[in-house]
Amino acid sequence: MISFAKKQTNKCLPDCQLFKINTMIKTVALVAHDNRKQDLMEWVEYNYKRLMDKKLVCTGTTGRLVKEALEKHLDGKKINGIQLLKSGPLGGDQQLGAMIAEGKIDMVIFLWDPMEPQPHDVDVKALLRIAVMYNVPTANNRSTADFLITSELYNTDYQPILKDYSTYIKRNIK
């Protein structure tokens, strides 16, 4: 088991806890805005061998495209291991955020479009905020996605530090 959290400190600080990611089958979220879907599909096709043994969670149209891209490599077989959420603007980003908060997502690859305003910009910001809050590795461009998927940590036990927000939850409100 590899744990950089343990290398940083011998014990968990009072305001943090260790959060274990399931090594055997990681759950990877794949999301892309319309102008970035082609980039994500090229990335998925290039990295299909690294993705085939993972649980995949995708929003809307992205999920259908990911499924088609992966099935090209299955000799006519159908892939069943993709959980499809709603389209981002229809609540898919919020569904994914809830899954992150529940500890069901190990990694997020979200290629968002920095050049186009989105009708659900607040949902996108909320999703990215939750990913940071729960210390979920997140890539917003292909280069970072390449680094994540080729990391030695990708197929190992890894325990990132998760901030304990109980002090915030228990604060006195006057």
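Since this is a predicted model, take the numbers as computed values, not measurements.

A. Inspection of the sheet that holds strand S5 (residues 107-111) at higher detail. Spatial strand order, S4-S3-S2-S5-S6: 5 strands in an open sheet with parallel pairing. Lying at the two open borders of the sheet, with one neighbouring strand each, are strand S4 (82-85) and strand S6 (138-139).

B. Focus on the pattern of salt bridges. Within the structure shown, the criterion is met by 8 salt bridges. When the shortest N-O distance is used, the salt bridge between Lys72 and Glu45 registers 2.9 Å. Of the two residues, Lys72 sits in the loop between helix H4 (60-71) and S4 while Glu45 sits in helix H2 (residues 37-46), which places them 27 residues apart along the sequence. Exposure remark for Glu45: the relative accessible area of 27% places this residue in the partly exposed category. Between Glu102 and Lys104 there is a salt bridge, with its nearest N and O atoms 3.1 Å apart.

C. View of the side chain of Asp123. Residue position: Asp123 is located in helix H6 (residues 121-133). No salt bridge is formed by the buried Asp123; the nearest opposite charge belongs to Arg129, separated by 12 Å. Within the structure, Asp123 has its side chain in polar contact with the side chain of Gln94 (distance 2.9 Å).

D. View of the side chain of Glu71. Secondary-structure assignment places Glu71 in helix H4. Residue classification places Glu71 among the buried positions, given a relative accessible area of 15%. What Glu71 contacts, discounting residues up to four positions off in sequence, is Gly76, Lys77, Lys78 and Ile79.

E. Structural context of the layout of surface pockets. By volume, the largest pocket amounts to about 200 Å³. Lining the largest pocket are 19 residues; nearest its centre among them are Ala32, His33, Asp34, Lys37 and Pro89. For the lining of the largest pocket, the element with the most residues is H4, which contributes 3 residues. By residue class, the composition of the lining of the largest pocket is 4 nonpolar, 10 polar and 5 charged.

F. Layout of the environment of Thr62. Relative to the elements of secondary structure, Thr62 occurs in helix H4. Judged by relative accessible area, which is 0%, Thr62 ranks as buried. Residues Thr62 and Leu40, 22 residues apart in the sequence, show an inter-C-alpha distance of 8.6 Å. Residues in contact with Thr62, not counting those within four places in the same chain, are Leu30, Val31, Ala32, Lys37, Leu40 and Met41.

G. Molecular detail of the environment of Trp112. Mapped onto the elements of the fold, Trp112 is located in the loop between S5 and H6. Separated by 27 residues in sequence, Trp112 and Ala139 place their C-alpha atoms 9.9 Å apart. Not counting residues up to four positions away in its chain, the partners in contact with Trp112 are His33, Arg36, Leu128 and Asn140.

H. Structural context of the packing of aromatic side chains. Scanning the model with the defined rule gives 0 aromatic pairs in all. The ring of Tyr168 has Arg171 sitting right over it, with the charged end atom 3.8 Å from the ring centre.

I. Seen up close, the nonpolar core. Judged by nonpolar contacts, the single largest core of 23 residues is most densely connected at Leu30, Leu40, Trp43, Val44, Leu56, Val66 and Ile109. Only strand S2 (27-32), H2, strand S3 (55-59), H4, S5 and helix H7 (142-150) provide two or more residues apiece to this core. Considering each element in turn, this core owes the most residues, 4 residues, to H2. Sequence-distant contacts of Leu40, that is, excluding residues within four places in its chain, are made with Leu30, Val31, Ala32, Thr62, Ile109 and Leu111. Membership of the second largest hydrophobic core comes to 16 residues, among which are Val57, Leu85, Phe110 and Val124.

Rules used in this analysis
Residues numbered from 1 in each chain as written. Predicted model: local features only at pLDDT ≥ 70, side-chain atom pairs only at ≥ 80, totals over all residues. Heavy atoms only, no water. Pairing = 2+ DSSP bridges. Helix = DSSP H or I, 4+ residues; strand = E, 2+ residues; numbered from the N terminus. Salt bridge = Lys/Arg side-chain N within 4 Å of Asp/Glu carboxyl O. Buried < 20%, exposed > 50% of the residue type's maximum accessible area, 1.4 Å probe, protein only. Lys, Arg positive; Asp, Glu negative; His and termini not counted. Polar contact = N/O pair within 3.5 Å; in protein donor to acceptor, adjacent residues only side chain to side chain. Contact = heavy atoms within 4.5 Å. 1 Å grid on protein atoms, 1.4 Å probe; cavity = no way out; pocket = protein on both sides within 12 Å on 5 of 7 lines; lining within 4 Å. Points joined across faces, edges and corners; volume = space filled by probe spheres on them. Nonpolar A, V, L, I, M, F, W, Y, C, P; charged D, E, K, R; others polar. Phe/Tyr/Trp six-rings, centres within 6.5 Å; stacked < 30°, edge-to-face > 60°. Lys NZ or Arg CZ within 6 Å of the ring centre and 35° of its normal. Core = buried A, V, L, I, M, F, W, Y, C linked by side-chain atoms within 4.5 Å.

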